[in-house]
Protein chains: 2
Amino acid sequence: MWMRIFWPIGWPNYANLLFLFPAFVSIHRASISDLAAQLNLSVSTVSRALSDHSRISDATKKRVWELARHLNYQPNQLAAALRKGRSNTLGVVVPHIDGQFFALVVKGIETIANQAGFNVMICQSNEDAAQEQKNIETLLNAQVDGILLSLSLSTHDFRHLEEVRRREIPLVLFDRVVENTDVSAVVLNDYQGGYEAVSHLIAEGCRRIAHLGGPQHLNICKNRYQGYADALQRHDLPLDPLLLHFSDLSIQDGRQGMELLFDQTPHLDAVFSCNDLALVGAMQVVKRRGLRIPQDVALAGFSNELFDSLTEPMLTSVDQRCEEMGRTAVQMLLEMIQEGPTKVAPRQVVLQPKLLIRESSQRSMLQ
Amino acid sequence: MWMRIFWPIGWPNYANLLFLFPAFVSIHRASISDLAAQLNLSVSTVSRALSDHSRISDATKKRVWELARHLNYQPNQLAAALRKGRSNTLGVVVPHIDGQFFALVVKGIETIANQAGFNVMICQSNEDAAQEQKNIETLLNAQVDGILLSLSLSTHDFRHLEEVRRREIPLVLFDRVVENTDVSAVVLNDYQGGYEAVSHLIAEGCRRIAHLGGPQHLNICKNRYQGYADALQRHDLPLDPLLLHFSDLSIQDGRQGMELLFDQTPHLDAVFSCNDLALVGAMQVVKRRGLRIPQDVALAGFSNELFDSLTEPMLTSVDQRCEEMGRTAVQMLLEMIQEGPTKVAPRQVVLQPKLLIRESSQRSMLQ
DNA sequence: GACAATTGCGCAAACGTTTGCACAATTGTT
DNA sequence: AACAATTGTGCAAACGTTTGCGCAATTGTC
């Protein structure tokens, strides 16, 4: 047995006492028709008054707003969404949120989205293509107004993206993207990052620089590798296959890779890793072999993870402008949502990386 | 100008080609009434068939399912939510998601929630009470079916929780909770964790054990401190105020705290920190002073952060059963949602911590 | 063969908004 | 004074489901 109680304006507001009787009284959330009934207005007028429509008199608006405040009226977003065909919700798919990078990107996304009055639904693909596809479906079913996506390691085909396009849901990729496509995206200049990091190692006197690379179908890994290769070439150093090792870049992968590289090329004098996790693995191996960092082997990585300043020595790394990436990605998405899906020409924003030089690569200062 | 095109069963399915003409054709998502029209059934019958209602004949069900598959019918969750008064969405509020702990809890939550067919909306309070309140409002407005909450550092009053109760939205707190209340919660036995860590330090021969503590209005910090204090007492060691330092436990706080403690009590021989971030700060100061870890000063912390195994020495820490916490919290919430908000008696689940002993505290092996 | 129970389906209302259209009252224009 | 434009409001349909109730046809029971 439920009671719905009208609470005329002017009566004292006991609402905050009602939690004392949770078992007896259920507060029915005031709806527009409640307001309308109490004010002797029609639902449509109230609705328009609430949205500050120009054809409603100031007097009426005032009455409506007052009662709305008094009854603590909160619009039913679901109803509005159903009617308008827009849910005011954005969907985000990231490979994972442990680890500094995506956590910060998500923070940037949330900040801006909330400011713009949007809710955010976050999904993790756990680096799994199938899960990523499921995530996308979930978001589409939840009727999100737009989707932000960073691809999982194992994503090779992009049919789920076609589905998004078919439904005309705005989509912005970030960081790990599909290249050469007309989907909007915001990425880091990974090539530049790799190039700068390796040039720095060369400037510090390194000549045999190994590379721990990631899956080459991922734009970020490919471009970082390309930056590595070009930096070598630019400084007339050979690109030696024996100095290369590709993996999924876990810490364990880093350890294994480093062992292998040492076996192949005992006299290497630096490592540039595609991420910091693998770099830490490599660091452990270097230490275990009794070599000094950076004197014998200099190290540089990518991502500027939190732990980079906590290891010994502290690790040189390329910063990825995480929050900025999140913010610009969501801004692009909001623009697409407002302008209509087909109005905005797809564009790619490229952010500039920033090399953070720390102990693990600063040889020159020691000699 | 929109076209809605019926696509009779049996016709070839060109849907995946349509993305070629995004400008001309907009695929109207098939709705129940589309199915009904094509099958010469009523909407209600189709609806019931889709949900496998017992009063619908198998033959009809089969026809419906087939066409649904063929048209790639996806139910409109918003409409269903509106009608049923349930959105199939859960809300989560965490202080932040950078850092291992909450990221893993969230992962646990997502896994279970998705399995149960629920969407998840994640909000960050950024350790700010006002933001936390806003988050709760946002979630309530989005009509979530239940809320999972871990309090921010600066949350002192709990009126926003009363609002949740008033609306009869199931609520489960986790980790950082309001104690002595009838709200369901799942927490770690922080007391036990503190007690074990400090007992371990004592067993390793430490006698003047300092404590880096957090805000004492937070249950977790208070209990960890209590565990520390009781372990000392149990082993007949004095509780010396000069060995205590309380802060917000940032890495910077850890550094400052450690400096202060050293100034007050130069001959301390161990530190138990309420979290690992502050412990790392402390570690840096210990090293800077030229003292050996663990021989001169042993270290133990709380949270088992990723970087604990990457520092040198590796840090002893109490593991918090992150994913398990997320999973049980969301399970409790789902139960409350299914059974009805007032049916389930509030209960508190306490998880047992696990002390992970690493180099930073293993004195006995060295001597 | 009369009646009850079961099976299979449709009607229509409801959830809480938004919005095109209509209409009356007021104001402005000549 | 006649007409147009503007202002303020209401009616009703629509968004896509779910669900209580009703009704006919079928099946089962004695």
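Residues numbered from 1 in each chain as written. Chains lettered and ligands numbered in written order. Predicted model: local features only at pLDDT ≥ 70, side-chain atom pairs only at ≥ 80, totals over all residues. Heavy atoms only, no water.

- The name an unreviewed UniProt entry gives chain A is LacI family transcriptional regulator, with Hymenobacter elongatus as the organism.

Quick word on the overall build of chain A
Here is step 1 of the chain: Each helix and strand in chain A was counted, giving 12 helices and 12 strands.
Here is step 2 of the chain: Along the first, second and third principal axes, the C-alpha atoms of chain A reach 85 × 45 × 35 Å.
Here is step 3 of the chain: Buried positions account for 53% of the 367 residues belonging to chain A.
Here is step 4 of the chain: Pairs at least 24 residues apart make up 73% of the contacts formed inside chain A by residues separated by at least 6 positions.
Here is step 5 of the chain: Charged side chains of chain A number 35 positive and 40 negative; the gap between the two group centres comes to 8 Å. (Helix = DSSP H or I, 4+ residues; strand = E, 2+ residues; numbered from the N terminus. Buried < 20%, exposed > 50% of the residue type's maximum accessible area, 1.4 Å probe, protein only. Contact = heavy atoms within 4.5 Å. Lys, Arg positive; Asp, Glu negative; His and termini not counted. Charge placed at Lys NZ, Arg CZ, Asp CG, Glu CD.)

Some details on the packing of helix α1 (residues 32-39) of chain B against helix α2 (residues 43-50) of chain B
All names here are of chain B.
Here is step 1 of the chain: It is the contact of α1 with α2, at a shortest axis distance of 8 Å, that shows an interaxial angle of 110°. The angle between the axes of α1 and α2 places the two elements in the roughly perpendicular class. Contact residues: α1 offers Ile32, Ser33, Leu35 and Ala36, while α2 offers Val43, Val46, Ser47 and Leu50.
Here is step 2 of the chain: Looking at the contact of α1 with α2 residue by residue, the class counts come to 6 nonpolar, 2 polar and no charged. (Axes fitted to C-alpha atoms, helices over the stretch in contact; angles between N-to-C directions. Parallel < 35°, antiparallel > 145°, perpendicular 65-115°, else oblique. Nonpolar A, V, L, I, M, F, W, Y, C, P; charged D, E, K, R; others polar.)

Looking at empty space enclosed by the protein
Here is step 1 of the chain: Across all of its chains, the model carries 5 cavities of 30 Å³ or more by this definition.
Here is step 2 of the chain: Lining the largest cavity are 16 residues, and of these A:Leu78, A:Thr89, A:Ala142, B:Leu78 and B:Thr89 lie nearest its centre.
Here is step 3 of the chain: Those elements that provide at least two residues to the lining of the largest cavity are α4 (77-84) and β2 (119-124) of chain A together with α4 (77-84) and β2 (119-124) of chain B.
Here is step 4 of the chain: In terms of residue class, the lining of the largest cavity is built from 8 nonpolar, 8 polar and no charged.
Here is step 5 of the chain: Considered as a void within the structure, the second largest cavity measures approximately 120 Å³ in volume.
Here is step 6 of the chain: What lines the second largest cavity is A:Asp98, A:Gly99, A:Gln100, A:Glu305, A:Leu306, A:Phe307, B:Gly99, B:Gln100, B:Glu305, B:Leu306 and B:Phe307.
Here is step 7 of the chain: Of the residues contributing to the lining of the second largest cavity, the split by class is 4 nonpolar, 4 polar and 3 charged. (1 Å grid on protein atoms, 1.4 Å probe; cavity = no way out; pocket = protein on both sides within 12 Å on 5 of 7 lines; lining within 4 Å. Points joined across faces, edges and corners; volume = space filled by probe spheres on them.)

Focus: the relation of the copies chain B and chain A
Here is step 1 of the chain: When chain B is brought onto chain A, the operation consists of a screw motion whose angular component is 180° and whose axial shift is 0.1 Å, with 0.2 Å RMSD remaining. Taken together, the rotation and translation relating the two chain copies correspond to the operation of a two-fold axis. (Least-squares fit on C-alpha atoms with pLDDT ≥ 70 in both.)

Topic: the interface of chain B and chain A
Here is step 1 of the chain: Between chain B and chain A, the contact holds 58 residues from the first and 58 residues from the second.
Here is step 2 of the chain: Both sides of the chain B and chain A interface together cover about 4900 Å² of buried area, and 54% of this is carbon and sulfur.
Here is step 3 of the chain: Taken together, the connections running from chain B to chain A amount to 4 salt bridges.
Here is step 4 of the chain: For B:Asp98, the salt bridge goes to A:Lys107, with nearest N and O atoms at 3.6 Å.
Here is step 5 of the chain: Between chain B and chain A we count 11 residue pairs in polar contact (both at pLDDT 80 or more) in total.
Here is step 6 of the chain: Looking at the side of chain B that touches chain A, the elements that each hand over two or more residues are α4, α5 (100-115), β2, α6 (129-141), α7 (159-166) and α11 (276-288) of chain B. (Buried area = accessible area lost by both parts, 1.4 Å probe. Salt bridge = Lys/Arg side-chain N within 4 Å of Asp/Glu carboxyl O. Polar contact = N/O pair within 3.5 Å; in protein donor to acceptor, adjacent residues only side chain to side chain.)

Overview of the sheet that holds strand β7 (residues 244-246) of chain A
Residue and element names in this part refer to chain A.
Here is step 1 of the chain: Reading across the sheet, the 6 strands line up as β7-β6-β8-β9-β10-β12 and stay open at both edges, with mixed pairing between neighbours. The two strands at the open ends of the sheet, each matched to only one other strand, are β7 and β12 (354-356). Strand-to-strand twist across the sheet, computed as the mean angle between neighbouring axes with direction ignored, equals 15°.
Here is step 2 of the chain: Inspection of the sheet shows strand β6 (residues 209-213) paired to β7 by 3 bridges, in the parallel sense. By the bridge assignment, Leu212 is partnered in β7 with His245.
Here is step 3 of the chain: Contacting β6, β7, β8 (270-273) and β9 (298-302), helix α9 (residues 219-234) crosses the sheet at an angle of about 165° to β6.
Here is step 4 of the chain: Helix α11 (residues 276-288) rests against β6, β8, β9 and β10 (316-319) of the sheet, and its axis sits at about 160° to β9. (Pairing = 2+ DSSP bridges.)

A look at the nonpolar core
Here is step 1 of the chain: Grouped together as the largest cluster of nonpolar side chains are 157 residues, with contacts concentrated most on A:Ile209 and B:Ile209.
Here is step 2 of the chain: When sequence neighbours within four positions are dropped, the list of residues in contact with B:Ile209 reads B:Val198, B:Leu201, B:Ile202, B:Tyr228, B:Leu232, B:Leu243, B:Asp269, B:Ala270 and B:Phe272.
Here is step 3 of the chain: Formed by 42 residues, the second largest nonpolar core is a distinct cluster that contains A:Ala142, A:Leu149, B:Leu173 and B:Val178. (Core = buried A, V, L, I, M, F, W, Y, C linked by side-chain atoms within 4.5 Å.)

Things to note about helix α3 (residues 58-70) of chain A
Residues and elements named next belong to chain A.
Here is step 1 of the chain: Look at α3: 18 Å from first C-alpha to last across 13 residues, which is about the 18 Å you get at 1.5 Å a residue.
Here is step 2 of the chain: Residues Thr60, Lys61, Val64, Leu67 and Ala68 constitute the buried set of α3. Looking down the long axis of α3, one finds its buried residues gathered within 140° of arc, a one-sided arrangement. Pointing more than 90 degrees away from the buried face of α3 are the exposed residues Asp58, Ala59, Lys62 and Arg69.
Here is step 3 of the chain: Packed against the buried residues of α3 are α1 (32-39) and α2 (43-50). (Expected span 1.5 Å × (residues − 1). Arc of directions from axis to C-beta.)

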